[in-house]
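# Coordinates in review
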Amino acid sequence: MTPFDATRLRVSAIQALLCSQTAPDALVCILGLDSRYSSEAEELFCFLFPSIRKAEPSAQLDDDIIDDVVIAIKSDSIHIYCNPLNYRLLLPYICGLSGLIVHCLSDIEYEDCDFAEEFKINSFVRMLQGCNEIGIPHRVANHHGTHFDKFDIEKWPLIQAYAMDDFRSGGFFTLVHHVVDCSSLLSSIYGQLDPISMKKLLSTVCLN
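Residues numbered from 1 in each chain as written. Predicted model: local features only at pLDDT ≥ 70, side-chain atom pairs only at ≥ 80, totals over all residues. Heavy atoms only, no water.

## Things to note about the packing of aromatic side chains
- All told, the structure shown has 7 aromatic pairs when counted by the stated rule.
- For the ring pair Phe 45 and Phe 49, a centre distance of 4.9 Å and an interplane angle of 50° mean the geometry is tilted.
- Judged by its relative accessible area of 3%, Phe 45 is buried.
- Here Phe 49 falls in the buried class, since its relative accessible area comes to 2%.
- Seen from their ring centres, Phe 47 and Tyr 190 are 5.0 Å apart, and the 55° between their planes marks the pair as tilted. Taken together, the residues Phe 47 in helix 2 (residues 39-48) and Tyr 190 in helix 11 (residues 183-190) connect sequence positions 143 residues apart. (Phe/Tyr/Trp six-rings, centres within 6.5 Å; stacked < 30°, edge-to-face > 60°. Buried < 20%, exposed > 50% of the residue type's maximum accessible area, 1.4 Å probe, protein only. Helix = DSSP H or I, 4+ residues; strand = E, 2+ residues; numbered from the N terminus.)

## What about the pattern of salt bridges?
- On inspection of all chains with the given rule, the structure shows 6 salt bridges.
- Among the salt bridges present, the one from Arg 8 reaches Asp 5, with a minimum N-O distance of 3.3 Å. With Arg 8 and Asp 5 both in helix 1 (residues 3-18) and 3 residues apart, the pair spans about one turn of that helix.
- Among the residues examined, Arg 8 registers a relative accessible area of 40% and is labelled partly exposed. (Salt bridge = Lys/Arg side-chain N within 4 Å of Asp/Glu carboxyl O.)

## Considering helix 7 (residues 113-127)
- With 15 residues, helix 7 ought to run about 21 Å at 1.5 Å a step, and its terminal C-alpha atoms sit 21 Å apart, in line with that.
- Ala 116, Phe 119, Lys 120, Ile 121, Ser 123, Phe 124, Val 125 and Met 127 are the residues of helix 7 that are buried.
- Two or three places before Asp 114, at the opening of helix 7, Asp 112 has a side-chain oxygen 3.3 Å from that residue's backbone nitrogen. (Expected span 1.5 Å × (residues − 1). Polar contact = N/O pair within 3.5 Å; in protein donor to acceptor, adjacent residues only side chain to side chain.)

## Here's the deal with the pairing of strand 5 (residues 133-136)
- In this sheet, strand 5 lies alongside strand 1 (residues 26-30) in parallel orientation, the contact comprising 2 bridges. Note on strand 5: the bridge partner recorded for Ala 26 is Ile 134.
- Judged from the 4 bridges that link them, strand 5 and strand 8 (residues 178-181) form a sheet pairing that is parallel. Bridge pairing links Gly 135 to Val 180 in strand 8. (Pairing = 2+ DSSP bridges.)

## Structural notes on the layout of surface pockets
- Roughly 280 Å³ of internal volume is contained in the second largest pocket.
- In terms of lining, the second largest pocket is formed by 14 residues, of which the most central are Asp 64, Asp 68, Tyr 110, Glu 117 and Lys 120.
- Elements supplying a minimum of two residues to the lining of the second largest pocket: helix 4 (63-66) and helix 7.
- In terms of residues, the lining of the second largest pocket owes the most to one element, helix 7, which gives 4 residues.
- Its residues assigned to classes, the lining of the second largest pocket shows 7 nonpolar, 1 polar and 6 charged. (1 Å grid on protein atoms, 1.4 Å probe; cavity = no way out; pocket = protein on both sides within 12 Å on 5 of 7 lines; lining within 4 Å. Points joined across faces, edges and corners; volume = space filled by probe spheres on them. Nonpolar A, V, L, I, M, F, W, Y, C, P; charged D, E, K, R; others polar.)

Here it is in structure tokens:
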């Protein structure tokens, strides 16, 4: 199974869940510093791109460059913001995905740090236009266990930037959109045995 086949299979599995009338309009994955290094976002990213962490040239790119990725999956499309450096990593996985919209600058444009940051925020606003309910996998631990706290999401740098007047988003992210935790929704497919997880299981058994 090629990297593209694996990603297409798992994107399709999530999109099938989003076709339900009770599902959110979009499922969002924000990696790295922009989500304060959310472990749930990392889990979702690795689910969608199961071998990319093994393939990435970590000696050539900083982690913050590699993790400069924002994904919004809808029932009929997938938006991906990336930079021209990690785009080369993502390309074998995403090229040919149905309904794919890539938000990415050229190498020369990306050299302007301020312009690149503004482009990322504008891309995030555009990819969620028309979406009322947004699903984000996020659980906060406290002495009662774990729970979903949408105000904790407002502490994320990209979410804070969303509210800035310059980007005409309409205000604070959690006021413009009804934000829900989609951890349980994702758990229902994380546990399914698909060809990728089957191959991993068989390789583990063979090693033992």
